[in-house]
Amino acid sequence: DALPALRRVHYEGRELDLQAILTTHKHWDHQGGNADLPVLMPGIRRIYGGVEDCVLGCTDFVSHGDTINVGNLAWTVLALPGHTRGCVAY
C-alpha cells in the first residue's frame, strides 16, 4: 500500500511540505497521480501543466516564459514540444 509512504515523505529526517505538482506532459506515467495525490496529501494546492497538453487534474495551465512560485522557489516554464505537443520543463 503506497498511502503510508506518501504520507511520510522525508528528506534528511524532515517531513516535506509538498505544495504543488509540476507536470511535464500528459502521458499516464507523468500525470497519473495528479487527481489522487492532492486528496492523499492536502498540502498540494496547485497542479501545473502545459496549456497544450490538457494535463489531468491541472489547476494552473502554463506556457513558455511563464514564472510560477512554489514556496520560496521561482520556476520558469520552458516549452519543449516534441515528446508531446505541450511538453514543458521547469
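Only a predicted model underlies this, so the values are computations on that prediction, with no experimental measurement involved. (Residues numbered from 1 in each chain as written. Predicted model: local features only at pLDDT ≥ 70, side-chain atom pairs only at ≥ 80, totals over all residues. Heavy atoms only, no water.)

Participant: How should unusual backbone geometry be read in this particular structure?
Facilitator: If a residue is not glycine, its phi is most likely negative; likewise, a peptide bond is most likely trans. Phi is positive for Cys-54, close to 50°, though the residue is something other than glycine. Take Cys-54: it is sitting in the loop between strand E4 (46-50) and strand E5 (60-62). For Cys-54, a relative accessible area of 60% gives the class exposed. (Helix = DSSP H or I, 4+ residues; strand = E, 2+ residues; numbered from the N terminus. Buried < 20%, exposed > 50% of the residue type's maximum accessible area, 1.4 Å probe, protein only.)

Participant: I keep staring at the state of the cysteines and nothing clicks. Help me out?
Facilitator: In a disulfide, the sulfur atoms of two cysteines are held together by a covalent bond. As enumerated under the stated definition, the model contains zero disulfides in all. Here Cys-58 is not cross-linked by a disulfide; its sulfur's nearest cysteine counterpart is in Cys-54, at 8.7 Å. (Disulfide = S-S within 2.5 Å.)

Participant: What is the right way to read the sheet that holds E4 from this model?
Facilitator: Whenever strands of a sheet pair, they do so through backbone hydrogen bonds, lying parallel or antiparallel. The three strands are arranged E3-E4-E5 in an open sheet whose pairing can be described as parallel. The strands lining the two open edges of the sheet, one partner per strand, are strand E3 (20-22) and E5. Taking each pair of neighbouring strands and ignoring which way they run, the sheet shows an average axis angle of 20°. Note that E3 and E4 share three bridges and pair parallel. Each bridged residue has a counterpart across the sheet, and for Ala-20 the counterpart in E4 is Arg-46. (Pairing = 2+ DSSP bridges. Axes fitted to C-alpha atoms, helices over the stretch in contact; angles between N-to-C directions.)

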